[in-house]
Amino acid sequence: MDNIANVIGALNDASREPLYKQLQKKLRSAIENGLLSPEDPLPAERDMAEAFGVSRITIRKALEELVREGLLTRRQGSGTFVANRVEKNFSHLTSFSEDMRSRGLTPSSKWLEKVESVVTPEEVMSYGLSPGMKIYRLSRLRFADGEPMSVEYTIIPAHCIPDIENIDSSLYEALSKEGLRPARALQRLRAVLLSKEQADLLKAAVNDPGLLVERRGFTKDGRIIEIAQSFYRGDTYDFVAELSG
Ligand code: 16G
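In this convention, every chain numbers its residues from 1, walking through the sequence in written order. Only residues with pLDDT of at least 70 get local features here, since the model is predicted, and only at 80 or more are side-chain atom pairs given and counted; chain-wide, interface and lining totals rely on the full set of residues. To get the side-chain values, all heavy atoms of the structure are used, and hydrogens and water are removed first.

**Details of the site of the ligand**
The condition is simple: Any residue with a heavy atom positioned within 4 Å of a molecule or strand is treated as near that molecule or strand. Any pair of N or O atoms that falls within 3.5 Å is considered a polar contact. Within protein, one atom must be able to donate a hydrogen and the other to accept it, and sequence-neighbouring residues count only if both atoms are side-chain atoms. Residue burial considers only the protein chains on display, and all accessible areas are found by Shrake-Rupley using a 1.4 Å probe. Starting at the N terminus, helices and strands are each numbered in turn, a helix being any DSSP run of H or I of at least four residues and a strand any DSSP run of E of at least two. Nonpolar residues are Ala, Val, Leu, Ile, Met, Phe, Trp, Tyr, Cys and Pro. Charged residues are Asp, Glu, Lys and Arg, and all others, Gly as well, are polar.
Around the ligand, the surrounding shell holds 17 residues, and the nearest of these are Ser97, Glu152, Ser170, Leu171 and Glu226. Contacts to the ligand include Leu171, whose backbone N or O atom sits 2.8 Å from an oxygen atom. Between the ligand and the protein, one listed contact pairs an oxygen atom with a backbone N or O atom of Tyr172 at 2.9 Å. Considered on its own, the ligand offers 450 Å² of accessible surface; in the complex 100% of this is hidden by protein. Among the secondary structure elements, those contributing two or more residues to the shell around the ligand are helix 5 (96-102), strand 5 (134-144), helix 7 (171-177), strand 8 (209-218) and strand 9 (224-233). Looking at the shell around the ligand element by element, the count peaks at 4 residues for strand 9. Grouping the amino acids of the shell around the ligand by side-chain chemistry returns 6 nonpolar, 5 polar and 6 charged.

So, in structure tokens, the structure goes:
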């Protein structure tokens with residue numbers, strides 16, 4: 001990269017606005033305007049301090065907040081990068097595989113659990129399922145172009161798909177074959193802190209910000225067909241909804 005101060009503009013010593021705030025604003029608008037693109041590396045702190053004529057502490061303070069906001073990501077040993085965020089439209093009932101393909105990314109998954117089981121009393125209470133109901137329990141780490149994107153825990157009624165092995169790379173594909181792709185869903189979004197297990201899987205740190213999206217999918221005739229909990233790294237997903245008033 002050319003001198004970053006030439007790319008995003010120099011800071012103004014005479015301004016009353018603190019230098020780290022000015023730098024944040026410049027980085028934010030450079031990312032929004034596409035002057036800096038996802039995955040672009042930022043220069044090392046030392047080089048940025050030199051380019052902007054400020055201390056390394058100022059640079060660190062500016063970057064730390066943008067990392068917290070998810071605009072930048074830090075990778076151990078290789079530095080700070082513009083975050084590669086995936087925008088997900090909230091108004092379409094699409095699958096992970098479809099979402100990734102529509103962005104030109106290749107989806108893949110690693111199975112963490114794939115078993116036939118019975119609903120727990122908690123699941124009966126929380127989701128209004130019948131006690132003793134047979135279900136498939138599916139847990140997957142989901143990747144886009146080999147990068148971990150989410151950890152997904154899903155349960156579906158076992159009678160919907162005759163053999164659990166029919167569920168391969170895409171759950172919605174398997175449900176479609178049975179004519180049972182969800183026709184309607186309720187979704188709930190919640191900010192969470194990633195657990196140790198989730199953080200390790202998502203190449204994040206324990207207690208990093210994460211996003212939990214819970215989807216309950218229903219068939220056309222209103223029967224529940226899936227309950228999915230998807231945990232995303234806070235810095236990789238943007239959920240977008242178009243609203244009309
Ligand atoms: C998405 C859905 C999830 C569904 C999965 C199916 C959200 C928040 N969740 O991740 O409910 O089970 O797609 O994807 O969008 P697949 O067909 O690729 O397995």
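That covers the picture; the talk isn't over yet.
**Here's the deal with the domain arrangement of the protein chain**
Stated formally: Domain extents, as shown, originate in an automatic or database domain assignment.
Its domain assignment divides the protein chain into domain 1 (4-82) and domain 2 (86-240). The C-alpha centroid of domain 2 is placed 35 Å from the C-alpha centroid of domain 1.

**With respect to the pattern of salt bridges**
Under the convention used in this document: Think of a salt bridge as a Lys or Arg side-chain nitrogen and an Asp or Glu carboxyl oxygen that are within 4 Å of each other. Accessibility here uses a 1.4 Å probe with only protein chains present; expressed as a share of the type maximum, an area under 20% marks a residue as buried, one over 50% as exposed, and anything in between as partly exposed.
Scanning the entire structure with this criterion turns up 14 salt bridges. With a closest N to O distance of 3.2 Å, Arg188 and Glu214 form a salt bridge. Placement of Arg188 in strand 7 (residues 184-193) and of Glu214 in strand 8 is noted, with a sequence separation of 26 residues between them. One salt bridge connects Arg233 with Asp235, and the closest N-O pair in it is separated by 2.8 Å. The class for Arg233 is buried, based on a relative accessible area of 15%.

**Re the packing of helix 2 (residues 19-32) against helix 4 (residues 56-69)**
The following threshold applies: Note on geometry: axes are lines fitted to C-alpha atoms, helical ones only across the stretch in contact, with angles between N-to-C directions running from 0 to 180 degrees. Working rule for angles: under 35 degrees goes down as roughly parallel, over 145 as roughly antiparallel, 65 to 115 as roughly perpendicular, anything else as oblique. By definition, turning the near helix anticlockwise from the far helix through less than a right angle yields a left-handed crossing, and turning it clockwise yields a right-handed one. Two residues form a contact once any of their heavy atoms are found within 4.5 Å.
Running from N to C, helix 2 and helix 4 cross one another at 45°; their axes reach a closest spacing of 8 Å. One element, helix 2, and the other, helix 4, form an angle in the oblique class. In the packing of helix 2 onto helix 4, the handedness of the crossing is right-handed. Judged by residue contacts, Leu19, Tyr20, Leu23, Gln24, Leu27 and Arg28 of helix 2 engage Thr58, Ile59, Lys61, Ala62, Leu63, Glu65, Leu66 and Glu69 from helix 4. Considering only residue class, the contact of helix 2 with helix 4 consists of 8 nonpolar, 2 polar and 4 charged.

**Here we look at the packing of aromatic side chains**
What counts is decided by this rule: Pairing of aromatic rings covers Phe, Tyr and Trp, the last counted by its six-membered ring, and requires centre-to-centre distances within 6.5 Å; plane angles under 30 degrees mean stacked, over 60 mean edge-to-face, and any other angle means tilted. Counted as over-ring charges are cases with an Arg CZ or a Lys NZ within 6 Å of the ring centre that also lie within 35 degrees of the ring normal.
Summed over all chains, the structure comprises 1 aromatic pair. Note that Lys61 overlies the ring of Tyr20, its terminal NZ or CZ placed 4.3 Å from the centroid. Looking at Arg184, its charged tip hangs above the ring of Phe218, at a distance of 4.6 Å from the centre.

**Concerning the sheet that holds strand 7**
Rule in force here: By the convention used here, strands pair only if DSSP detects at least 2 bridges between them.
What the 6 strands build is an open sheet, ordered 4-5-6-9-8-7; its pairing is antiparallel. Of all the strands in the sheet, the pair left with one neighbour each is strand 4 (107-118) and strand 7. Mean inter-strand twist for the sheet, computed between neighbouring axes without regard to direction, equals 15°. Bridge count for strand 8 against strand 9 is 9 bridges, and the pairing is antiparallel. By the bridge assignment for strand 9, Leu211 is matched with Tyr232.

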